[in-house]
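Examination of the molecular architecture
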Amino acid sequence: MMAKKILLLVLLVMTAVNINITAAGSIEPTALKCEYRVNPLGIDANPPRLSWILESSDRGQKQTAYRVLVASNEEKLKAEQGDLWDSKKISSDQSVHVVYAGQPLRSRMRCHWKTRVWDKDGKVSAWSQPALWSMGLLKHADWKAKWICFDTSAFNEDPELHLPPSPYLRKEFKVNRKIRRATVYVSALGLFELFINGWRVGRDHFAPGWTNYRKRVYYLTYDVTDLLKDGDNAIGAILANGWYAGYVGFDPMHKKRARGRAFYGQTPALLAQLEIECEDGKSQIVATDENWKASTGPIRKTDILMGETYDARLEMPGWDRPGFDDQVWKVVTLMDAARCKIEAYPGVTVQVTQEIRPIEITKPKEGVYVFNMGQNFAGRVRLKVKGKAGTKVVLRFAEMLHKDGSIMTENLRRARCTDAYIFRGNGEDEIWEPRFTYHGFQYVELTGYPGKPDLGAITGIVLHSAAPVAGSFECSNAMVNKLYSNITWTQRANFFDIPTDCPQRDERLGWTGDAQIYIRSATYNMDVAAFFKKWLVNLEDDQRPSGAFPDFAPLPYLQYEPSPGWMDAGVICPFTIYQVYGDTHVIERHYEAMTKFMDFLLRTGKDYLRSPRGHCWGDWLSIGGRTSNDLIATAYFAYDAKLMAEMAAAIGRMEDAQRYARLFDNIKTAFNKAYVSANGRIKGDTQTCYALALYMDLLPQALKEKAGARLVELIRERNWHLSTGFLGVKYLLPALTEEGYVDVAFRLLTNKTYPSWGYSIENGATTIWERWNSYKKGKGFQDSYMNSFNHYAFGSVCEWMFVFMAGIDTDGAGFKRITIRPQPGGSGITYTKASYDSIYGRIATYWRVRDGKFLLDLTIPANTTATVYIPARDADSITEGGKPASKAEAVQFLRIEDGKAVFAVGSGRYRFISSLPTARQVDETK
């Protein structure tokens with residue numbers, strides 16, 4: 001009897017489980033994010049936006065409704081009590097940018113949330129895994145902390161530069177109650193690293209990032225509950241000048257003063273507020289104030305550009321722990337920084353993402369050792385040494401070597417890029433890594449090392465803004481694969497809190513021209529929404545009173561009048577974030593600034609044409625043939641108007657949308673009258689002017705074919721090579737492909753002779769060069785002074801690789817609707833494989849050409865649809881999953897277009913096979 005009861009109980013449990021499974025839909029919400037980030041702490045977006053990705057193995061699966069629960073603690077969320085917000089069931093397919101609509105959010109609130117969705121058949125999913133966000137300090141009155149500093153200028157030991165020691169700050173406190181939660185809010189004018197009871201707080205470096213400190217400074221929030229203990233505790237921080245008071249850029253306007261630093265302030269400062277919530281309901285605040293103490297320590301010199309010197313003999317063991325004797329330490333000074341807004345950091349912080357081992361050591365001369373890291377990157381090195389106290393090891397950094405094997409540092413210009421370590425000398429291995437400097441390098445010169453170092457003496461530490469990886473790419477051409485690797489390494493090196501031009505020399509500025517040219521490529525490689533959210537605030541903060549956006553942002557000093565193709569980043573970058581992530585908030589946030597910019601363009605033009613005032617960078621570093629600055633300025637004026645029309649419509653400003661559309665038409669008419677002849681020839685007759693005109697839709701339909709043909713003639717006249725600079729290179733291959741010259745585009749991509757992407761790879765490049773001819777084996781450097789070997793602008797071809805080779809693009813904004821249109825075009829490339837993690841989930845393509853057959857493996861994420869273009873002789877010759885495509889599930893034939901069969905598909909995985917048209921067959925013997 002007992003056995004029967006047990007069996008009955010098991011059957012009932014199994015039945016209940018089956019019922020639960022049946023009740024749940026075949027769709028699962030995952031990857032919950034708030035304001036693009038996973039479990040962010042201390043945000044000030046109010047209300048925030050919530051997003052999730054839907055996973056399903058079904059075809060054509062989509063969300064038809066959702067429910068969001070937000071609770072004030074984990075227990076209530078687990079019990080399905082949404083005391084902050086219960087959206088109830090909302091009939092909608094929206095799964096991104098869902099605006100929180102619950103109880104008012106206040107400072108410090110912790111919000112636990114989850115979601116469930118209903119699928120295409122009305123079946124409800126299980127609840128997602130729980131997620132979290134917390135609110136920061138939303139009001140100025142929430143801050144009890146005061147800005148504190150310790151001026152170490154009097155301790156400057158450098159005879160040439162202002163490189164004072166880093167201030168060390170500390171305070172001890174007691175906690176006599178059981179702690180429920182402890183949160184610290186921390187900011188700095190300059191850079192900080194925070195410590196509690198000997199533990200470093202967080203994984204962030206170069207925090208709190210670079211801003212226009214006269215307008216705003218960011219703070220970060222950390223949960224430090226596990227770092228505190230009953231009884232005695234200590235909190236401490238190390239500061240550095242950073243971008244606030246250190247050396248910044250090349251500063252041509254201040255050469256006579258030999259300054260180059262302290263554009264925002266002279267002395268770094270700290271603002272920290274530790275809030276302790278106790279189990280008995282009471283709270284305690286430990287904040288920076290006049291009771292903190294300060295000293296100098298082992299960091300004797302430090303600067304982002306110049307490097308760092310560390311004297312291990314001056315270490316202060318336990319300085320960041322309770323019980324340390326700080327009687328000789330000084331009292332801090334209060335600083336008035338009330339004019340500065342304090343806001344939550346909205347981006348992705350700089351973090352260590354990997355380590356690199358050197359591959360070779362050479363010895364160009366006695367006592368000098370050069371380590372080859374095998375890869376150009378941004379970061380620093382960890383040094384491992386052993387020796388006598390007072391021994392000094394010096395490390396210098398370079399991207400390239402001279403013929404004699406010595407490091408090439410001429411291109412660093414004023415950036416000293418030198419680190420030094422002075423031994424503690426206790427007979428044990430000493431391991432050191434700088435804190436507040438970084439370098440762009442492949443080679444490390446080591447001098448003063450006792451004995452002969454081995455490969456374990458240094459380790460490369462890769463640093464960059466830790467935006468999540470979003471893409472992957474490979475094809476049958478090894479050189480193109482290396483090009484993609486070089487592009488991604490260059491992006492990592494230059495996405496360093498802001499999108500910099502280069503990571504090595506005395507510049508490292510947020511050049512707007514580079515950013516606008518490359519941003520679309522950047523989105524395929526990383527999830528850069530939060531990264532650019534932060535930088536676009538930098539850009540608007542430094543908008544000129546005239547309405548022009550600057551040539552670089554942040555803008556520590558004025559340089560030239562902003563240049564066409566650079567200042568247009570203020571429109572192009574917000575548009576791209578909207579286009580890729582479906583984010584209308586970015587339009588609304590910067591709309592006033594963008595309209596002010598458009599008014600500036602219209603006001604400073606004449607008859608819808610623009611002639612740049614002052615300096616113009618033009619098609620920077622183009623080769624032969626100069627594209628008119630007036631033409632570039634007018635083309636971008638039109639392009640800005642076109643993008644503004646689309647953005648205005650996206651946020652419901654229909655009158656503005658119509659006004660900007662008319663403006664575009666008027667500029668287009670003026671452009672053709674001023675620059676285009678009846679036979680389709682464009683003034684200047686350069687590859688760039690045709691690429692701009694075709695890509696930006698500036699030509700009447702009747703002249704596009706002639707302009708495309710002339711563009712190909714110009715390429716042929718250069719023996720099938722490009723001649724474009726920073727601006728033209730982005731548009732060249734897309735313009736060729738859209739005009740039907742995909743074979744020419746592939747030929748340019750795969751060239752290995754100068755000028756080409758392959759040329760740098762043939763000459764040993766592991767990142768993208770600033771110049772097409774930066775270096776040539778056997779001949780040396782084109783320009784020692786103006787020569788970066790880690791510059792992403794020419795990497796903007798990556799967009800074409802994803803859009804046209806892999807065939808992955810958005811149809812409208814945000815990848816809700818997707819276009820899959822691969823271009824098997826020649827140059828011996830027989831397959832391409834790529835993936836892209838869109839805001840809706842992973843899109844993946846793999847196509848292969850063999851024996852006149854075209855195969856396409858395709859993945860489309862749930863809650864989206866795609867239009868798929870299959871090269872084919874006819875629709876009847878196409879199969880999907882081994883059966884005629886016309887009979888496949890979730891596949892609808894639409895039409896035949898330009899030698900391609902066009903299908904509409906829902907989410908899921910597909911395998912299409914077609915017979916290629918004769919003209920499309922690939923000769924694999926080439």
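So, how was this worked out
- Numbers given for residues are sequential positions, taken from 1 along each chain in its written order.
- Totals for whole chains, interfaces and linings use every residue, but because this is a predicted model, local features are given only for residues with pLDDT of at least 70 and side-chain atom pairs only at 80 or more, for both listing and counting.
- Note that the side-chain values use all heavy atoms of the structure and ignore hydrogens as well as water.
- Secondary structure counts use DSSP, requiring at least four H or I residues in a row for a helix and at least two E residues in a row for a strand, with both numbered from the N terminus.
- Radius of gyration here uses only the C-alpha atoms, and the compact-globule reference equals 2.2 Å multiplied by the residue count raised to the power 0.38.
- The buried label applies to any residue whose accessible area, calculated with a 1.4 Å probe on protein chains only, is under 20% of its type's maximum; exposed applies above 50%, and partly exposed to all values in between.
- Residue contacts follow a heavy-atom distance rule, with two residues in contact if any of their heavy atoms lie within 4.5 Å.
- The positive count covers Lys and Arg only, the negative count covers Asp and Glu only, and His and the chain ends enter neither.
- Positions of charges follow a simple convention, taking NZ of Lys, CZ of Arg, CG of Asp or CD of Glu.
- Values of pLDDT, ranging from 0 to 100, describe the predictor's confidence in every residue of the model.
- Strands pair, by our definition, only if DSSP identifies at least two bridges between them.
- Inter-axis angles, ranging from 0 to 180 degrees, are taken between N-to-C directions of lines fitted to C-alpha atoms, where helices are fitted over the stretch in contact.
- Roughly parallel covers angles under 35 degrees, roughly antiparallel covers those over 145, roughly perpendicular covers 65 to 115, and oblique covers all other angles.
- Should the near helix be turned anticlockwise from the far one by less than a right angle, the crossing is left-handed, and should it be turned clockwise, the crossing is right-handed.
- As a working rule, the residues Ala, Val, Leu, Ile, Met, Phe, Trp, Tyr, Cys and Pro are called nonpolar, Asp, Glu, Lys and Arg charged, and the rest polar, with Gly in that last group.
- Lining residues are those with an atom within 4 Å of a point, where the points come from a 1 Å grid over the protein atoms alone and group into cavities, where a 1.4 Å probe fits but cannot get out, or pockets, open sets with protein on both sides within 12 Å along at least five of seven lines.
- Grid points are joined across faces, edges and corners, and a volume is the space filled by probe spheres set on the points.
- We define the nonpolar core as a collection of buried residues of types Ala, Val, Leu, Ile, Met, Phe, Trp, Tyr and Cys that are connected through side-chain atoms lying within 4.5 Å of one another.
- A pair is scored as a salt bridge if a Lys or Arg side-chain nitrogen falls within 4 Å of a carboxyl oxygen belonging to Asp or Glu.
- Any two rings among Phe, Tyr and Trp, with Trp reduced to its six-membered ring, count as a pair given centres within 6.5 Å; such a pair is stacked if its planes are under 30 degrees apart, edge-to-face if over 60, and tilted if neither.
- For a lysine, the NZ atom is tested; for an arginine, the CZ atom; a charge sits over a ring if that atom is within 6 Å of the ring centre and within 35 degrees of the ring normal.

1. Examining the overall build of the protein
Counting secondary structure elements, the protein contains 16 helices and 48 strands. Taken against the 2.2 N^0.38 rule, which gives 29 Å for 926 residues, the C-alpha radius of gyration of the protein at 29 Å falls within 12% of a compact globule. Overall, the C-alpha framework of the protein stretches about 95 × 85 × 60 Å when taken along its three principal axes. When burial is assessed residue by residue, the protein has 62% of its 926 residues classed as buried. Within the protein, contacts between residues separated by at least 24 positions form 75% of all contacts whose residues are at least 6 apart in sequence. Taking the average place of the 118 positive charges on the side chains of the protein and the average place of its 104 negative ones, the gap between the two points comes to 1 Å.

2. Section: unusual backbone geometry
Of note, the amide linkage connecting Asn 46 to Pro 47 takes the cis form, showing an omega dihedral of 5 degrees. Mapped onto the secondary structure, Pro 47 falls in the loop between strand S1 (28-34) and strand S2 (49-55). Residue Ala 553 is joined to Pro 554 through a cis peptide bond whose omega torsion reads -5 degrees. Relative to the helices and strands, Pro 554 is located in the loop between helix H6 (529-541) and helix H7 (569-581). You will see that Asp 685, though not glycine, has its phi angle at about 50 degrees, which is positive. Residue placement: Asp 685 occurs in the loop between helix H10 (654-675) and helix H11 (687-695). Of note in the backbone geometry, Phe 815 takes a positive phi value of approximately 60 degrees without being a glycine.

3. A short note on the confidence of the model for the protein
Across the protein, the average pLDDT comes to 94, with 95% of residues at 70 or higher. In this model, residues 1-24 is a region of pLDDT below 50 whose contacts with residues beyond four sequence positions or in other chains number seven contacts. Contacts of residues 919-926 to residues separated by more than four positions or lying in other chains number 14 contacts, the stretch itself having pLDDT below 50.

4. A closer look at the sheet that holds strand S5 (residues 98-99)
Overall, antiparallel pairing links the three strands, which are arranged S1-S2-S5 in an open sheet. This sheet does not close on itself; its edge strands, each paired only once, are S1 and S5. Where S2 lies against S5, two bridges are found, and the strand directions are antiparallel. Directly across from Leu 50, in S5, lies its bridge partner Val 98.

5. Side note on the pairing of strand S13 (residues 216-223)
Counting buried residues in S13 gives seven out of eight residues, a clear majority hidden from the surface. Across five bridges, the pairing between strand S10 (residues 179-189) and S13 is antiparallel. Within S13, the position partnered with Val 186 by the bridge is Leu 220. Summarising the sheet, S13 and strand S22 (residues 341-344) pair through four bridges and their orientation is parallel. Counted as the bridge partner of Tyr 218 is Glu 343 from S22.

6. Examining the sheet that holds strand S48 (residues 908-915)
Reading across the sheet, the seven strands line up as S33-S40-S41-S42-S48-S44-S45 and stay open at both edges, with antiparallel pairing between neighbours. The outermost strands of the open sheet, each flanked by one partner alone, are strand S33 (471-475) and strand S45 (883-884). One ladder, built from eight bridges, connects strand S40 (residues 831-838) with strand S41 (residues 841-850); its direction is antiparallel. Within S41, the residue paired with Ala 834 across the bridge is Thr 845.

7. Concerning the packing of H11 against helix H12 (residues 701-717)
Pairs of packed helices are described in terms of their axes, by the angle between the two and the distance that separates them. One can describe the packing of H11 onto H12 by two numbers: an axis separation of 9 Å at closest approach and a directional angle of 150 degrees. As judged from the angle between their axes, H11 and H12 are roughly antiparallel. Like other packed secondary-structure pairs, H11 and H12 cross with a definite hand, here left-handed. Counting all contacts with H11, which are made through Gln 687, Tyr 690 and Leu 694, the residues of H12 involved are Lys 704, Ala 707, Gly 708, Arg 710, Leu 711, Leu 714 and Ile 715. When grouped by side-chain class, the residues that make up the contact of H11 with H12 number six nonpolar, two polar and two charged.

8. Some thoughts on the layout of surface pockets
In this approach a probe as big as a water molecule rolls over the atoms, and the regions it shows empty are the leftover space. One number sums up the size of the largest pocket: a volume of about 950 Å³. Along the walls of the largest pocket sit 32 residues, with Gln 579, Tyr 695, Glu 738, Glu 799 and Asp 809 positioned nearest its centre. The set of elements that each furnish at least two residues to the lining of the largest pocket consists of helix H5 (512-525), H7, helix H9 (629-650), H11, helix H13 (726-738), helix H16 (797-806) and strand S38 (808-810). By residue class, the composition of the lining of the largest pocket is 13 nonpolar, seven polar and 12 charged. Size it by volume and the second largest pocket reaches roughly 710 Å³. Around the second largest pocket, the lining comprises 29 residues; the ones closest to its centre are Arg 37, Val 38, Asp 204, Thr 349 and Gln 351. With five residues, S13 is the largest single contributor of residues to the lining of the second largest pocket. Its residues assigned to classes, the lining of the second largest pocket comprises 16 nonpolar, seven polar and six charged.

9. A few points about the packing of H9 against H11
At their nearest, the axes of H9 and H11 sit 10 Å apart, and the two run at 15 degrees to each other. In terms of orientation, H9 lies roughly parallel with respect to H11. Read as a crossing pair, H9 and H11 show a hand that is left-handed. On the side of H9, the interface is formed by Leu 631, Ile 632, Tyr 636 and Tyr 639, while H11 contributes Cys 689, Leu 692 and Tyr 695. Residue classes in the contact of H9 with H11 are distributed as seven nonpolar, no polar and no charged.

10. Observations regarding the nonpolar core
Core analysis: the biggest nonpolar cluster contains 228 residues, and Leu 395, Met 598, Met 801, Ile 820 and Phe 912 have the highest contact counts within it. Of all the elements, H9 adds the most residues to this core, at 13 residues. Setting aside its immediate chain neighbours within four residues, Met 801 contacts Phe 473, Val 480, Leu 483, Tyr 484, Ile 487, Leu 749 and Ala 806. Core analysis: the second largest hydrophobic core is formed by 34 residues, Tyr 218, Leu 239, Ile 276 and Trp 292 among them.

11. Describing the pattern of salt bridges
All told, the structure shown has 58 salt bridges when counted by the stated rule. For Asp 223, the salt bridge identified is with Arg 110, shortest N-O distance 3.9 Å. Residue Asp 223 is found in strand S13, and its partner Arg 110 is found in strand S6 (residues 110-118); the two are separated by 113 residues along the sequence. By relative accessible area, which is 37% here, Asp 223 ends up partly exposed. A residue is classified by how much of its surface remains accessible, and Arg 110, at 17% relative accessible area, is buried. The residue Arg 505 makes a salt bridge to Glu 507 at a minimum N-O spacing of 2.8 Å. For Arg 505, a relative accessible area of 0% gives the class buried. What makes Glu 507 buried here is its relative accessible area of 4%. In this structure, a network of salt bridges that share partners links the residues Arg 413, Arg 414, Arg 505, Asp 506, Glu 507 and Glu 770.

12. Here we look at the packing of aromatic side chains
Counted by the stated rule, this structure contains 65 aromatic pairs. Summarising the aromatic geometry, the rings of Phe 195 and Trp 319 are spaced 5.6 Å apart at their centres and angled 70 degrees between planes, so their arrangement reads as edge-to-face. Of this pair, Phe 195 sits in strand S11 (residues 191-196) while Trp 319 is found in the loop between strand S19 (307-311) and strand S20 (330-331), placing the two residues 124 residues apart along the sequence. With 6.0 Å between their ring centres and 75 degrees between their planes, Phe 781 and Phe 789 make a pair best called edge-to-face. The two residues Phe 781 and Phe 789 agree in class, both being buried. Ring pairing ties together the aromatic residues Phe 250, Phe 263, Trp 511, Phe 552, Tyr 557, Trp 566, Trp 617 and Trp 620, which thus form one cluster. Lying across the ring of Tyr 438, Arg 508 places its NZ or CZ 4.8 Å from the centre. Positioned over the ring face of Tyr 660 is Arg 659, at 4.6 Å from the centre of the ring.

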